[in-house]
Amino acid sequence: MTDASAVASPPLRLDRVTRRFRLRRGAQTTALDAFSLDMAAGAFVAILGPSGCGKSTVLRLVAGLETPDEGTVSIGQDTPATLARAHRLGVAFQDHALLPWATIAANVALPYRVAGRAVDHHRISELLALVGLKGFEHARPRQLSGGMRQRAAIARALVLRPDVLLLDEPFGALDFITRQQMNIELQDIWLRQRTTTLLVTHDVPEALFLADRVVVMSGRPGRIIHDLTVPFSRPRTPPLLRSHDFHHLVDDLTEMLAQAHHGVDVPSTGASRTAGA
Ligand SMILES: Nc1ncnc2c1ncn2[C@@H]1O[C@H](COP(=O)(O)OP(=O)(O)O)[C@@H](O)[C@H]1O
Ligand SMILES: [Mg+2]
């Protein structure tokens, strides 16, 4: 057990958050309807849910990139906007958005420049070693594999020692084996730093392997339909993935996700970033 008083990372709370988006011709869609989530300081929570149920909206609200129409988001005593301005949030989204012309070290150093702070080169070496990119400081993103670029993006998200880490399908583009390696590395990082972490994923085993709690959201408007405390001790290792208990929980959550999928209403507009299946 973690002693909450010893954790520097703050708790995180979404309290009855409603978020609507205006569509064409005055229509609107309710992405989140009275969505509440309470995270303890230093917790690792994974969010599962059907496509379009509002997962990214939750993360964007916590990142201060959007504001609720109703309800509140708080991180400790602060608002997301306050933390974002203070550069205390670490964000890694699926499209890792490394600068193609900059070296890996320069990409990881970017948050220092954005924050107007002196670059801590020691910290950058330390983090690149932590994510297994030692020796690639001077490489450009295109010279690295997809998995290496994702790791660079995670290093960048961690570089300013954020109070909160927000990961939106950060390993979505990776093959199965690379993804497992990334999960093990991410767990190692989290065990060392105990940063309050919110991970969106569509991968059930990934959620169960990494998180203390897995919440399952319904189809839009997204609500939490299940909140599971993950019973596995840490550090978790690959044999866990093959255990009966693990498979059992994967099956349960997959079944819940399938039910949530059936509840998804068809969007009234074709204006969407996602290619329909
Ligand atoms: N900026 C936006 N403008 C209009 N609709 C949006 C916008 N962002 C999200 N939505 C809609 O809100 C819903 C939830 O989106 P999102 O949070 O991206 O879902 P998820 O990440 O779970 O796939 C979807 O129906 C999406 O089309
Ligand atoms: Mg999303």
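Residues numbered from 1 in each chain as written. Chains lettered and ligands numbered in written order. Predicted model: local features only at pLDDT ≥ 70, side-chain atom pairs only at ≥ 80, totals over all residues. Heavy atoms only, no water.

**Concerning the sheet that holds strand β9 (residues 224-229)**
Taken together, 6 strands build an open sheet; the order of strands is β5-β6-β7-β3-β8-β9 and the sheet is mixed. Strand pairing shows two members of the sheet lacking a second neighbour, β5 (89-93) and β9, which therefore form its edges. Adjacent strand axes in the sheet meet at a mean angle of 15°, parallel and antiparallel pairs treated alike. Here 4 bridges tie strand β3 (residues 44-48) to strand β7 (residues 196-200), and the two strands are oriented parallel to one another. By the bridge assignment for β7, Val45 is matched with Leu198. (Pairing = 2+ DSSP bridges. Helix = DSSP H or I, 4+ residues; strand = E, 2+ residues; numbered from the N terminus. Axes fitted to C-alpha atoms, helices over the stretch in contact; angles between N-to-C directions.)

**Some remarks on the site of ligand 1**
Neighbouring ligand 1 are 12 residues, the closest being Gly52, Lys55, Ser56, Thr57 and Arg220. With 3 residues, the single largest contributor to the shell around ligand 1 is helix α1 (residues 55-62). A per-class count over the shell around ligand 1 returns 4 nonpolar, 5 polar and 3 charged. (Near = heavy atom within 4 Å. Nonpolar A, V, L, I, M, F, W, Y, C, P; charged D, E, K, R; others polar.)

**With respect to the packing of aromatic side chains**
Aromatic ring pairs are reported here in terms of the distance separating the ring centres and the angle at which the planes meet. Using the criterion set out here, one finds 2 aromatic pairs in the structure. On the numbers, 5.8 Å between centres and 70° between planes, the contact of Phe44 with Trp190 is edge-to-face. Linking Phe44 in strand β3 with Trp190 in helix α6 (residues 176-193), this pair joins segments that are 146 residues apart in sequence. Like Trp190, Phe44 is buried. (Phe/Tyr/Trp six-rings, centres within 6.5 Å; stacked < 30°, edge-to-face > 60°. Buried < 20%, exposed > 50% of the residue type's maximum accessible area, 1.4 Å probe, protein only.)

**Quick notes on the environment of Leu127**
The topology assignment puts Leu127 in helix α4 (residues 121-130). Looking at Leu127, the relative accessible area reads 1%, which means it is buried. Separated by 25 residues in the primary sequence, Leu127 and Ala152 place their C-alpha atoms 9.0 Å from one another. Look past the residues within four positions of Leu127 in its chain and what remains in contact with it is Ala155, Leu158 and Val159. (Contact = heavy atoms within 4.5 Å.)

**Details of the pairing of β9**
Relative to β9, strand β8 (residues 213-217) runs antiparallel, the two being bridged by 5 bridges. Residue pairing in the sheet places Val216 in a bridge with His226 of β9. Where β8 hands over to β9, the hairpin turn is made up of 6 residues, counted between the paired strands.

**Some thoughts on the sheet that holds strand β2 (residues 28-39)**
Across the sheet, 3 strands lie side by side as β2-β1-β4; this open sheet has antiparallel pairing. Edge strands, defined here as strands with exactly one partner in the open sheet, are β2 and β4 (70-75). Looking at each pair of strands side by side, their axes are set apart by 25° on average, direction ignored. The pairing of strand β1 (residues 12-22) with β4 spans 5 bridges and is antiparallel. Looking at β4, one finds that Leu14 is bridged to Val73.

**A closer look at the confidence of the model for the chain**
For any part of a model where pLDDT is low, the fine detail of the predicted coordinates should not be relied upon. Looking at the chain, the pLDDT average stands at 88 and 91% of residues meet or exceed 70. The low-confidence segment residues 1-7 (pLDDT under 50) makes 5 contacts with residues lying over four places distant or belonging to another chain. Segment residues 264-277 is flagged for pLDDT under 50; beyond a separation of four residues in sequence, or across chains, it makes 9 contacts in the model. (pLDDT = per-residue confidence, 0-100.)

**Looking at the domain arrangement of the chain**
Domain annotation of the chain identifies domain 1 (4-88 + 163-261) and domain 2 (99-161). Computed from C-alpha coordinates alone, the two centres of domain 1 and domain 2 are separated by 24 Å. The interface of domain 1 with domain 2 comprises 15 residues on the first partner and 15 residues on the second. A combined buried area of about 1,300 Å² lies between domain 1 and domain 2, and 66% of that area is made up of carbon and sulfur atoms. When the area that domain 1 buries against domain 2 is broken down by residue, the three leading residues are His87, Ile189 and Gln193, summing to 38%. (Domains from an automatic or database assignment. Buried area = accessible area lost by both parts, 1.4 Å probe.)

**Description of the pattern of salt bridges**
Tallied over the entire structure, the rule returns 15 salt bridges. Two residues, Arg16 and Asp15, come together in a salt bridge whose shortest N-O distance is 3.1 Å. Residue Arg223 pairs with Asp33 through a salt bridge whose shortest N-O separation is 3.1 Å. Here Arg223, found in the loop between β8 and β9, pairs with Asp33, found in strand β2; they are 190 residues apart in sequence, far enough to count as distant. Residue classification places Arg223 among the partly exposed positions, given a relative accessible area of 42%. A residue is classified by how much of its surface remains accessible, and Asp33, at 26% relative accessible area, is partly exposed. Ionic contacts of the salt-bridge type, sharing partners, join the residues Arg19, Arg60, Glu66 and Asp69 into one network. (Salt bridge = Lys/Arg side-chain N within 4 Å of Asp/Glu carboxyl O.)

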